[in-house]
Amino acid sequence: MYAKEYLNKPDAFWKEILLTNEVKIELFGHNDQDMKILTFLVGLKTLWVLAFSSLSNTMAVNNSGKWWGIVNIASNGNVLPGTDIGPVPLVLDPSLQLLSRRQRRLIRQNPGILQSITRGLLSAIRECKWQFRNRRWNCPTGPGNQVFGKIISRGCRETAFVFAITSAGVTHSVARSCSEGSIESCSCDYRRRGPGGPDWHWGGCSDNIEFGRFIGKEFVDSSERGRDLKYLVNLHNNQAGRMTVMTEMRQECKCHGMSGSCSLRTCWMRLPPFRAVGDALKDRFDGASKVTYSNNGSNRGSSRSDLPHLEPENPSHAMPSSRDLVYFEKSPNFCSPSEKTGTPGTTGRICNSTSLGLDGCELLCCGRGYRSRAEKVTERCHCTFHWCCHVTCLNCTTTQIVHECL
Amino acid sequence: MSSDLSTLSLRKREEKDMADRHSWILDSRECHKLHCAAPKPTTSADFLAVKCVDIRKGNHGAPKWLIPWGRDRCASIRGFEEAASQEIYANDIVFSVHIPFQGQEMSPWFQFMLIILQLDIAFKLNNYIEDNAIVTLDVAMAYRDELSDPWTELARSVEQRKLQCAFHAPKTADNQGRSYECDVLPLIELGSVAHKYYLVNIRLPVHNVKKINMGIGEINDLHLVTIFQNGGFTKVWFAMKTFLTPSILIIMIWYWRRITMMTRSPVLLEKIIFALGISMTFINLPVEWFSIGFNWTWMLLFGDIRQGLFYVMLLSFWIIFCGEHMMDQSERNRISVYWKQVVPIAFGSCCLFIFDMCERGVQLKNPFYSIWTTDVGAELAMAFIIVAGICACLYFLFLCFMVYQVFRNISGKQSSLPAMSKARRLHYEGLIFRFKFLMIITLACAALTTVFFITTQVSEGNWKWGEYNIELNSAFFTGIYGMWNLYVFALMFLYAPSHKNYGDDQTNGGAAVSSAEELQLTTTITHADGPTELYRLAGKEAQE
């Protein structure tokens, strides 16, 4: 009976399904002799595939952050699919096993975004490591699919930061790629009006940032499933990352009226440097609020206003805004290696013996003490720099005392 | 059954997905439809330059154009960390920008194109921006009209721009890698957009000995922001001009016919109103239509000149209008009487004209030129602008003084009005009425213009009005433009001399006007042969 309904759907719908499940295309091949039979067959097949994929979806409960794995596949030197030479059979690509159906569809519809997303992820990881370089948890990443380790399956502040910075990284990177011209479907084109159509000529279009946010939302959020507290918290933190990119943008203006006067003025928003986004998110990390599941979410189904939502654990605190990071679990102390939380501990970390802060040996080594050794360091000195790429330097060797946590 | 259920739930989700996507598309389309109704006057597009690597060593031979994307795209690097390992040097890097983006075309409807350069410079302790750093750019621009055509050079130049950057964090090792905040640098101004595709190639050549591009910090990215007029706005604007031209032209002809019907020669005030009409028509004339077909790069300059001419006329008109309503018994029917007020106008506008020729005039030859980039040029430009500003202040002082004098005379006359004979009284009442009337509408127009101007400066963007998204700026521009057209129209309509005689006044008034008064009237009134429309209105009012 569903097949009948499906038969009434327009062509676009079929294309959607056909493209969504590459397996099927291979099963069917290209024998478009008798469209009616084919359509019927496809209908039946789709039913089957839909049922199957829904089953597999319910089995794979926790996909959250699975897509981060693409960063390691990309760094292995594999050529990423979807370059502007033409569509590449996506089934063959190992990175796509990590992606959900919806994510794959986005990648297919917007050639070039996979590279952009990967780059965004890389800069997010770099920024995360930089922001946390002096803390016990220094944003460790590993090979394989579990890029950030087990910390992501928890709900502590660090988890919140990882979700926010990766989401911000994707938004930032996609917006950047748009203005570089490496994603064709940006700005005007996603309105499906054709090249150089009336839109661009009539009112112009420069929504690179909007497109970045749209892709960020669609792509990143779609790896979250469920209705539990963790789901809500992750979504909130993803949103916070995107919002931070938006709010860190700065307006610049240019006057170009009569004789260059300001009677005519055009302004535009400038994408912030990613460091600024990282700084802002780090501030939010320090002021993150602990949240719980809202109470009135228990009697579900009574009305739409009862949709599950977050509220601060301490009722006297204000509701977290869309730019605040939220968490629901106390952070582990990250001192000793732990299999359960997946933290490597601080043994072997370099610390600063004079600092009283988090990077000081006392705090960083969790009171276990540290060993000091003299090390010869060769540094470049008396350099002349060019604006890029070229430095002429002398080598200077100095002896430094290095402190290492026990 | 269970499979049915799961299919159902899945289908629901699928539908939700589709709905989400649709709502997004619909959303953007809808907002776009409203944009269509009122597009912004100008658009900006931000282009991030692709860092191409020019593999040919020595850069000799025919200029080679490096394209950022597409089939013949250049060999490029992502970031400059890659470059060091690949033995690529600063002189091999070419920043390449293709305008517009993939799948879009430029069009003559965009009227002009300004390109602004933005540099992302990171702070490094040992590689920082020196004081008064100057960046030297080897810029080349090319165009083509078909994607398969070869590129044709449009302009090429070596330009210097001053880097004005600030670093807000303390300059410590911890803050390495943070970005400077740099002022935008004007790069190119094109007075017409005649081609479909443009390509900009920028090199930042480095020379150790000549100290070229040394001490400019570590450049991470180069952005080009392109500003052009929206095609939709151009169309609305053209339509408006095309509609306004005949209306002003017709009223001008009517006005001049009225004047020629008089037995006397036209007086100064009439001449200046007519001149104002001519300058308004000059602005209105939709010459821009030709820019669609012809590559007229001087349109920006021409627009400035037209606008300047209108301002000169308007300012002169206000002075003369005040003078002619002074109501003291002196003869003023010559422009030379007003030299004190006209000289600042002429001098100020000359200054602005020279400045404009130095900026936009030279840009016709070299689109990369800007008077502000050199110290001498910037001082010269500043001097011109300051002189023009002083002239404007002088002018407004004179104008205010004259308005004050007129009001003083009016209050003097008003006290003696009842004692006057009817014809004289009517005459003075008419003068007072029409002066006050013009004062009010002029002040209203000026106030509206100022308010609109300030609003456009303060609030960028649009204004939600119920469901409609109103583009404030374009509304303001068209509104102000229409308003001043209406102002000129009203001037010509209301201040046209009447060809009718005092006829009915005489019959009603009865009493003959003494010859002494008659004489006085002819000297003071600029329209001795008959009252204007307004005068007649005032007269009728007075009779009732």
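Note that the coordinates shown come from a computational prediction; the quantities given were computed from them, not determined experimentally. (Residues numbered from 1 in each chain as written. Chains lettered and ligands numbered in written order. Predicted model: local features only at pLDDT ≥ 70, side-chain atom pairs only at ≥ 80, totals over all residues. Heavy atoms only, no water.)

**Considerations on the overall build of chain B**
Per the secondary structure count, chain B includes 13 helices and 14 strands. Within chain B, the fraction of its 544 residues that count as buried is 49%. Summarising the internal contacts of chain B: among those between residues at least 6 apart in sequence, 81% fall at separations of at least 24. (Helix = DSSP H or I, 4+ residues; strand = E, 2+ residues; numbered from the N terminus. Buried < 20%, exposed > 50% of the residue type's maximum accessible area, 1.4 Å probe, protein only. Contact = heavy atoms within 4.5 Å.)

**Looking at the overall build of chain A**
Broken down by element type, chain A carries 13 helices and eight strands. Counting all 406 residues of chain A, 50% fall into the buried class. Pairs at least 24 apart in sequence give 64% of the contacts found in chain A among residues at least 6 apart.

**Details of the environment of Gly260 of chain A**
Counting through the fold element by element, Gly260 of chain A comes out in the loop between β1 (250–255) and β2 (265–270). For Gly260 of chain A, a relative accessible area of 38% translates into the label partly exposed. Along the chain, Gly260 of chain A and Leu106 of chain A lie 154 residues apart, while their C-alpha atoms are 44 Å from each other. Contact partners of Gly260 of chain A, with chain neighbours within four places excluded, come to Cys255 of chain A together with Arg360 of chain B.

**A short note on the packing of helix α9 (residues 422–458) of chain B against helix α10 (residues 472–494) of chain B**
All names here are of chain B. In contact at an axis separation of 10 Å, α9 and α10 are set at 170 degrees when each is read in the N-to-C sense. What the angle tells us is that α9 and α10 run roughly antiparallel. As for how α9 packs across α10, the hand of that crossing is left-handed. Across from Phe437, Leu438, Ile441, Thr442, Cys445, Ala446, Leu448, Thr449, Phe452, Thr455 and Thr456 in α9, the residues of α10 making contact are Asn473, Phe476, Ile480, Met483, Trp484, Tyr487, Leu491 and Leu494. Of the residues belonging to the contact of α9 with α10, the class tally is 14 nonpolar, five polar and no charged. (Axes fitted to C-alpha atoms, helices over the stretch in contact; angles between N-to-C directions. Parallel < 35°, antiparallel > 145°, perpendicular 65-115°, else oblique. Left-handed = near helix turned anticlockwise from the far one by under 90°. Nonpolar A, V, L, I, M, F, W, Y, C, P; charged D, E, K, R; others polar.)

**Observations concerning the state of the cysteines**
By definition, a disulfide is the covalent link that joins the sulfur atoms of two cysteine residues. Residues and elements named next belong to chain A. Summed over all chains, the structure comprises nine disulfides over all chains. With its sulfur 1.8 Å from that of its partner, Cys335 forms a disulfide with Cys366. Residues Cys335 and Cys366 are joined by a disulfide whose S-S torsion is about -95 degrees; by sign, that bridge is left-handed. Taken together, the positions of Cys335 in the loop between β5 (326–327) and β6 (350–351) and Cys366 in the loop between α13 (361–364) and β7 (370–385) put the pair 31 residues apart, joining distant regions of the chain. Residue class for Cys366 comes out partly exposed when judged on its relative accessible area of 23%. Note that Cys351 is cross-linked by a disulfide to Cys361, the S-S spacing being 2.0 Å. The disulfide joining Cys351 to Cys361 has a torsion of about 90 degrees about its S-S bond and is therefore right-handed. Separated by ten residues along the polypeptide, Cys351 in strand β6 and Cys361 in helix α13 bring together distant segments of the chain. By the burial criterion, Cys351 is buried, and Cys361 matches it. (Disulfide = S-S within 2.5 Å.)

**As for the sheet that holds β5 of chain A**
With mixed pairing, the three strands of this open sheet are ordered in space as β4-β3-β5 (chain A). Strands with a single pairing partner mark the edges of an open sheet, and in this sheet they are β4 (310–312) and β5 of chain A. (Pairing = 2+ DSSP bridges.)

**Regarding the UniProt feature "transmembrane region" (unreviewed entry) in chain B**
Per the UniProt record, "transmembrane region" (unreviewed entry) is annotated on residues 236–256, 268–285, 305–323, 335–355, 380–404, 431–455 and 475–496 of chain B. Structurally, residues 431–455 of chain B comprises 100% helix and 0% strand, and the distance from its first C-alpha atom to its last is 36 Å. (UniProt positions renumbered as here; feature names shortened; annotations may be inferred.)

**A short note on the pairing of strand β8 (residues 391–405) of chain A**
Residues and elements named next belong to chain A. One ladder, built from two bridges, connects β6 with β8; its direction is antiparallel. Counted as the bridge partner of Ile350 is Glu404 from β8. Pairing of β7 with β8, which is carried by 14 bridges, proceeds in the antiparallel orientation. Residue pairing across strands places Val377 opposite Thr398, the latter belonging to β8. Between β7 and β8, which pair antiparallel one after the other, the connecting turn spans five residues, and Cys389 there sits at a positive phi close to 65 degrees.

**Let's talk about unusual backbone geometry**
Each neighbour pair has its own omega, and for Ile99 of chain B with Pro100 of chain B the value is -5 degrees, a cis peptide bond. Along the polypeptide, Pro100 of chain B turns up in the loop between β4 (93–99) and β5 (113–122). Even without being a glycine, Cys366 of chain A presents a positive backbone phi close to 55 degrees. Positive phi is not limited to glycine here, since Asn213 of chain B has a value of about 55 degrees. Looking at where Asn213 of chain B falls in the secondary structure, it is placed in the loop between β11 (197–203) and β12 (218–229).

**Side note on the packing of aromatic side chains**
Within this structure, the stated rule accounts for 43 aromatic pairs over all chains. Look at Phe233 of chain B and Trp237 of chain B: their rings are 5.5 Å apart centre to centre, the planes differ by 20 degrees, and that puts the pair in the stacked class. Here Phe233 of chain B and its partner Trp237 of chain B are both found in helix α3 (residues 231–260), four residues apart, which amounts to about one turn of the helix. When sorted by exposure, Phe233 of chain B lands in the same class as Trp237 of chain B, which is buried. A centroid spacing of 4.9 Å and a plane angle of 25 degrees characterise the contact between Trp296 of chain B and Trp298 of chain B, whose relative ring orientation is stacked. Of the residues examined, Trp296 of chain B reaches a relative accessible area of 22% and is grouped as partly exposed. Taking the relative accessible area as the measure of exposure, Trp298 of chain B reaches 33% and is therefore partly exposed. Against the face of Trp130 of chain A rests Arg133 of chain A, its NZ or CZ located 4.0 Å from the ring centre. (Phe/Tyr/Trp six-rings, centres within 6.5 Å; stacked < 30°, edge-to-face > 60°. Lys NZ or Arg CZ within 6 Å of the ring centre and 35° of its normal.)

**Quick look at the sheet that holds β5 of chain B**
All names here are of chain B. Taken in spatial order, the four strands line up as β1-β12-β5-β10 in an open sheet, and their pairing is antiparallel. Bordering the open sheet on either side are β1 (42–48) and β10 (185–190), each of which pairs with just one other strand. Here the average twist between neighbouring strands, direction ignored, is 20 degrees. Pairing of β5 with β12, which is carried by ten bridges, proceeds in the antiparallel orientation. Paired with Ala122 across the bridge in β12 is Glu218.

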